[in-house]
Amino acid sequence: MKLLFSKRSPLSVQLFISLLLSIILIILDLNYRPFKEVRYYLDTMISPLYYISNAPKATYDTLYEMSKTREALEKENANLNNLLLEKKTDLLLLEHLRHENDRLRELLGSPLRHDEHKMAAQVILADTDPYVYQVVINKGKNDGVYIGQPVVDDKGIVGQIYETAQKTSRAILVCDYQHAIPVQILRNDISMVAVGNGCSNDLTLDFLPNNVDIKVGDILVTSGLDGRFPEGYPVAVVSSVKLDISDSTPVISATPTADLKRLRYLLLLWGDQGVKHEGS
């Protein structure tokens, strides 16, 4: 056999002998049981080598699956966080809508007199001029709004319409320097006029009778004497009663009942003038 596979033996002879031996081994392996047992023991002996040789690939596959799983979990976690944020935002919006709904319900049910025609409006702009106290609302001539129309909120008189456009209007507030409104003391019906003194200050009361019976805490309501504001709506609460030393006249201030610095929703009232205006 040594001579057969030596350098001197022809290559073709070596190839032929190798093929012949391979064929013989295959036949013996297929037909003789001892060879199967030998192969079984040989496979058992070298099986650890299979695991060792496959270990790098198995490790790579495991790490790859772990990375994919981690990436998938991170993506799923990010999606869940985004969904949670959206739901929280929806809850905030629902809370905001609930609050607005409550305010509208309160506003629509708040006027003292329920037999008047009224319309809800929203403030869309507040004047930034420090000496002008006006707001723009989202109702105009197309909605029947007219100049001089009373404007109220859920606490009382806010002011009146000053200018109108087709779809918007401008309302002057009771605290504006140009605004004056006839009022009366709810306790004793004594009449006077509440004049604006800037929204940072209380209203001042003019045209007071001598020895007027008025005290801090008295509620002032519309008297209806001007034919513009319906009678009986709250306007202000007396906050200060003093005496001018020079001429012994009373100096009285009153705080508006409406929250003029935080206006959002308002009500427009149609009085007698409004009915005439609509009919004309």
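Everything here concerns the structure above.
Computed from a predicted structure; not experimentally measured.

Below, the discussion takes up the overall build of the chain. Helix and strand counts for the chain stand at three helices and twelve strands. A separation of at least 24 residues holds for 54% of the contacts in the chain among residues at least 6 apart in sequence. Within the structure as shown, the chain displays about 18700 Å² of accessible surface, and the carbon and sulfur contribution to it stands at 59%.

What follows concerns unusual backbone geometry. Negative phi is the rule for most residues except glycine; trans is the rule for most peptide bonds. With a phi close to 65 degrees, Asp189 is a non-glycine residue in the positive phi region. Along the chain, Asp189 falls in the loop between β6 (180–185) and β7 (191–195). A positive phi angle, near 55 degrees, is found at Phe207, a position not held by glycine. The topology assignment puts Phe207 in the loop between β8 (203–206) and β9 (219–222).

As a further point, take the side chain of Gln149. Relative to the elements of secondary structure, Gln149 occurs in the loop between β2 (134–137) and β3 (150–152). In this structure, Gln149 is in contact with Gly144, Gly159, Gln160, Ile161, Leu268, Leu269 and Trp270, ignoring residues within four places of it in sequence.

With respect to topology, six strands assemble into a closed barrel ordered β6-β7-β8-β11-β10-β9, the strand pairing being antiparallel. Each strand of the sheet is rotated relative to its neighbour by a mean of 45 degrees, with strand direction disregarded.

The subject of this paragraph is the pairing of strand β5 (residues 169–173). As a general feature of sheets, a regular strand has side chains that alternate between the two faces. Taking burial as the measure, the five residues of β5 include four buried ones, the bulk of the element. Bridge count for β2 against β5 is four bridges, and the pairing is antiparallel. In the sheet register, Val136 faces β5, and the bridge partner there is Arg170. Relative to β5, strand β4 (residues 157–164) runs antiparallel, the two sharing five bridges.

In this section: the pattern of salt bridges. A complete count under the given rule lists four salt bridges for this structure. A salt bridge links Lys155 to Asp154, with the nearest nitrogen and oxygen atoms 3.4 Å apart. We classify Lys155 as partly exposed; its relative accessible area is 44%. Overall, Asp154 belongs to the partly exposed group, its relative accessible area being 26%. Connected through salt bridges with shared partners, the residues Arg187, Asp213 and Asp218 form a single ionic network.

Reading guide: rules and limits
Residues numbered from 1 in each chain as written. Predicted model: local features only at pLDDT ≥ 70, side-chain atom pairs only at ≥ 80, totals over all residues. Heavy atoms only, no water. Helix = DSSP H or I, 4+ residues; strand = E, 2+ residues; numbered from the N terminus. Contact = heavy atoms within 4.5 Å. Areas by Shrake-Rupley, 256 points an atom, 1.4 Å probe, with all protein chains shown as cover. Pairing = 2+ DSSP bridges. Axes fitted to C-alpha atoms, helices over the stretch in contact; angles between N-to-C directions. Buried < 20%, exposed > 50% of the residue type's maximum accessible area, 1.4 Å probe, protein only. Salt bridge = Lys/Arg side-chain N within 4 Å of Asp/Glu carboxyl O.

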